[in-house]
Amino acid sequence: MKNSIQLVILFTFFYLFVGAQSTDLAGNDVSARINTNGVLFMKTGVLNAGYEIPKNSGLNAIFAASLWCSAVDANGGLRLAAMRFGQQGADFFEGPYSLTNDYTNSSYVSTYGNSIWQITAFEIQNHITNYTSSGYIVPTAIASWPGNGISGAGVAQNLAPFIDLNNNGIYEPSLGDYPDIRGDIAVYTIMNDAAGLHTETDGDKMEIEVHTMAYQYLTNDYRNRTTYLHYRVFNRGTLGYSNFKLGMWWDPDLGNPQDDYVGCDTLTNMMYVYNADNNDELSSSGPGYGLNPPALGISSLTKKMEYFTYFTNGASFPYTDPLSAPGYYNFMNGLWANGTQMYYGGTGSPSSPGSTTIPTNYLFPGNPNIPYEWSESDTVYGVNQPGDRRGVMTLEAESLPSGAFSCYDFAVLYAREPGNNVTNHKTNVNALKNIAAIAKTDFDAEWTYNCNLYTTLGTEKLEESSIGLYPNPSDGQFTLAFDETLSGELLITDMTGRSVYHENFYNQNQIQVQLSEKTGIYLLSLSTAKGTIIKKISIQE
């Protein structure tokens, strides 16, 4: 337990976590605590770290993590939703966004008061095999899956992704529909930032809805010690954002939290933590990893990192945790909490030993194994005092129009090479970078940024030649024409996987689309009972 935050959290614990639920995702050699209020890897009930790796070892590598979301609206106002430990309160709340503000509606509360669903691939396969069998009872995890929003509470029609056997857009597990999960085991949560005031950051509401799928694989390779995070962020409000930013914040506590260093790798879009020396000792927070402590990182698998910033627990302002919306926003934009510039070298502060006058977007991007590259342990740019580090990795800004959504994927990676010699803790950073590169390659081979809300299956094949697309190139207005009457879903994304258009259609021969997007190439995913067709269109302003 971290003494510096314990008392503050105890006073605010009741306020924030009443009704919040949690579960442990522990399908491989990791036990990861997932909470419904957006705080990941933190055991809220006992205020302890909740990312145990290896599982059942008593060793934890992360104390907490969460999303930070921000944008500037058309009037120049800052919109921000973020969580850390809940010291101030809450910015995110259980359940989906309600257009009618019916968060106290009895149906809403009974359905989404426990917005967490855990399910295994085995349960799904058993359902596929037996749902027509006499006496088969649909498991609760499948029966309660939030494929569709409830009526009468202002909730969106389609929520969690599912396989829709009869292509009617309705989640019907008794007819064979089932959750569309990733991995061998997954935990799904839904939260919004609009059900109450933002008492964690004092930021103005964004009116977003965030879906999280945390999932794991049970394997005999690096994935057996990896947790994946798949996020969908929906803009359910009326305001469109041209500069929406998403950051992944974390408080990595690699065993003993007081002797950590952090860094980033721009090639694999990863922030990481490693020990300052080769021995991670016992501390008041719990056991250390001992000799040859591991390296651990969070890598963005689909979007480019634009900034990596850090701060230290117990440091003086502006080098410590933010306490208001402008401070959060500054860290998300490569600045210290007070808005001052970060510089290459030293600690990133212009007054630190080894610092330069060169502004930087990435703190400690150098490899600690290579001299003259800027890392926390480099002797040329100044060896830093280790400490209890926190940090945020911000992805490149993108537009998020009203009604649109965007998808994000991360991998929490772990590396610990055999051996106990005095340099192994840095060697583990190299191993981690290699694993991050492999994880990216494997992810790209398996997933194609599929953000469909539901996927249809069918025996007849949808032929690409039966779908017309004109004009192409287009100024943003174009038509999809079908050789027959079809029902299904149209999803349009840019080349990073960001959703720019979504429509469910029924018994139609054509769809007319009007896009207000920048010049570029966009992917059209047309899903029907006969399959899915992907087409490209060029938008030229």
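Keep in mind that what you see is a predicted model, and the values were worked out from it rather than measured. (Residues numbered from 1 in each chain as written. Predicted model: local features only at pLDDT ≥ 70, side-chain atom pairs only at ≥ 80, totals over all residues. Heavy atoms only, no water.)

Regarding the overall build of the protein
Put simply, the test is: Numbering of helices and strands runs from the N terminus, with a helix taken as a DSSP run of H or I at least four residues long and a strand as a DSSP run of E at least two residues long. Taken over C-alpha atoms, the radius of gyration is set against a globule rule of 2.2 Å times the number of residues to the power 0.38. Remark: exposure states derive from per-residue accessible area (1.4 Å probe, protein chains only) relative to the maximum for the residue type, with buried under 20%, exposed over 50%, and partly exposed in between. Should any heavy atoms of two residues lie within 4.5 Å, those residues are counted as being in contact.
Secondary structure assignment for the protein yields six helices and 30 strands. Computed over C-alpha atoms, the radius of gyration of the protein comes to 24 Å, within 12% of the 24 Å expected from 2.2 N^0.38 for 541 residues, which places it in the range of a compact globule. Viewed in the frame of its principal axes, the protein has a C-alpha envelope of about 70 × 60 × 45 Å. When each of the 541 residues of the protein is scored for burial, the buried share is 59%. In the protein, once contacts between residues fewer than 6 apart in sequence are set aside, the share between residues at least 24 apart is 65%.

Concerning the pattern of salt bridges
Quick reminder of the rule: The term salt bridge refers to a pairing of a side-chain nitrogen on Lys or Arg with a carboxyl oxygen on Asp or Glu at a separation within 4 Å.
Overall, the coordinates contain 14 salt bridges when judged by the stated rule. Put simply, R225 and D29 hold a salt bridge, and the shortest N to O gap is 2.8 Å. Note that R225 is positioned in the loop between β13 (208-216) and β14 (227-235) and D29 in the loop between β1 (22-25) and β2 (31-35), a separation of 196 residues in sequence. By relative accessible area, which is 31% here, R225 ends up partly exposed. Here D29 falls in the buried class, since its relative accessible area comes to 17%. The closest approach of N and O atoms between E464 and K535, which form a salt bridge, is 3.8 Å. Of the two residues, E464 is situated in the loop between β25 (454-456) and β26 (467-470) and K535 in strand β30 (residues 531-539); the sequence distance between them amounts to 71 residues. A relative accessible area of 45% places E464 in the partly exposed class. Take K535: its relative accessible area is 15%, and that puts it in the buried class. Linked through salt bridges whose partners overlap, the residues forming this network are R84, D251, D321, D388 and R390.

Thoughts on the confidence of the model for the protein
Just so we agree on the cut-off: Per-residue confidence from the prediction method is given by pLDDT, with values spanning 0 to 100.
Of the residues in the protein, 92% have a pLDDT of 70 or more, and the chain-wide mean is 90. Counting interchain partners and residues more than four positions distant, the pLDDT-below-50 stretch residues 3-19 has 34 contacts.

Concerning the pairing of strand β7 (residues 78-82)
Worth spelling out the cut-off: For two strands to pair, DSSP has to find at least two bridges joining them.
Two elements, strand β6 (residues 60-72) and β7, share five bridges in a ladder whose sense is antiparallel. Residue S70 lies in a different strand from β7, and its bridge partner there is L80. Hairpin connection between β6 and β7: a loop of five residues separates the two successive antiparallel strands, and G76 in this loop has a positive phi of roughly 85 degrees.

A few points about the nonpolar core
As a rule of thumb, soluble globular proteins bury nonpolar side chains together. Just so we agree on the cut-off: Put simply, buried Ala, Val, Leu, Ile, Met, Phe, Trp, Tyr and Cys residues joined by side-chain atoms within 4.5 Å make one nonpolar core.
If you look at the biggest cluster of nonpolar residues, it comprises 78 residues, and the most contacted ones within it are F41, L296 and F410. A total of nine residues in this core trace back to one element, the largest contributor, which is β6. Ignoring anything within four residues of it in the chain, the contact list for F410 reads T227, Y228, L229, Y231, L246, M248, I298, S299, S300, L301, M393 and L395. Residues V155, A194, M270 and A415 belong to the second largest nonpolar core, which totals 46 residues.

Section: the pairing of strand β24 (residues 405-415)
In regular strands, side chains alternate between the two faces of the sheet. Counting buried residues along β24, 11 of its 11 residues qualify, which places the element largely inside the surrounding structure. Of the strand pairs in this sheet, β14 and β24 are connected by eight bridges, and their pairing is antiparallel. Bridging from a neighbouring strand, Y228 pairs with A411 of β24. Where strand β20 (residues 295-300) lies against β24, six bridges are found, and the strand directions are antiparallel.

Some details on the packing of aromatic side chains
Put simply, the rule reads: Each aromatic pair joins two rings of Phe, Tyr and Trp (for Trp, the six-membered one) with centres within 6.5 Å, and gets the label stacked for planes under 30 degrees apart, edge-to-face for over 60, and tilted for any other angle. Over a ring means this: the NZ of a Lys or the CZ of an Arg is within 6 Å of the ring centre and within 35 degrees of the ring normal.
The tally for this structure, following the rule as stated, stands at 22 aromatic pairs. Feature note: the residues Y310, Y319, W336, Y344, F364 and W374 constitute an aromatic cluster, connected by ring pairs. Seen from the ring of Y217, R223 lies directly overhead, with NZ or CZ sitting 5.1 Å from the centre. Positioned above the aromatic ring of Y408 is the side chain of K303, whose terminal nitrogen or guanidinium carbon lies 4.6 Å from the ring centre.

Observations regarding unusual backbone geometry
Residues I53 and P54 are joined by a peptide bond in cis, for which omega reads 0 degrees. Along the chain, the position of P54 falls in the loop between β5 (51-52) and β6. The omega angle of the peptide bond from F317 to P318 is 10 degrees, so this bond is cis rather than trans. Inspection of the secondary structure assignment puts P318 in the loop between β21 (305-312) and α5 (325-332). Notably, E207 is not glycine yet its phi reads approximately 60 degrees, a positive angle. The class of E207 is partly exposed, set by a relative accessible area of 25%.

Quick look at helix α6 (residues 424-446)
Rules: Helices are assigned an expected span. That span is 1.5 Å times one less than the residue count.
For α6, spanning 23 residues, the distance from its first C-alpha to its last is 32 Å, which sits close to the expected 33 Å at 1.5 Å a residue. Within α6, burial applies to N424, H425, N428, V429, A431, L432, K433, I435, A436, A439 and F443. Buried residues along α6 sit against β13, β16 (260-265), β17 (270-275), β20 and β24.

So, the side chain of N278
The cut-off we apply is this: For the purposes of these results, a polar contact is taken to be a pair of N or O atoms within 3.5 Å, where, inside protein, one atom must be able to donate a hydrogen and its partner to accept one; residues adjacent in sequence count only when each atom of the pair is a side-chain atom.
Considering the arrangement of structural elements, one finds N278 in the loop between β17 and β18 (279-280). Its relative accessible area of 8% is what places N278 among the buried residues. Here H425 takes part through its backbone nitrogen, which lies 3.2 Å from a polar atom of the side chain of N278. With residues up to four places along the chain from it excluded, the contact list for N278 reads G290, L291, N292, P293, N420, N421, V422, N424 and H425.

Focus on the side chain of D73
Residue position: D73 is located in the loop between β6 and β7. A distance of 3.1 Å separates a polar atom in the side chain of D73 from a polar atom in the side chain of R79. Ignoring any residue separated from it by four or fewer positions in sequence, one finds D73 in contact with R79, L239 and Y241.

So, the environment of L480
With respect to the secondary-structure elements, L480 resides in strand β27 (residues 477-494). L480 gets classed as buried once you look at its relative accessible area, which sits at 2%. Separated by 32 residues in sequence, L480 and Q512 have C-alpha atoms that sit 6.4 Å apart.

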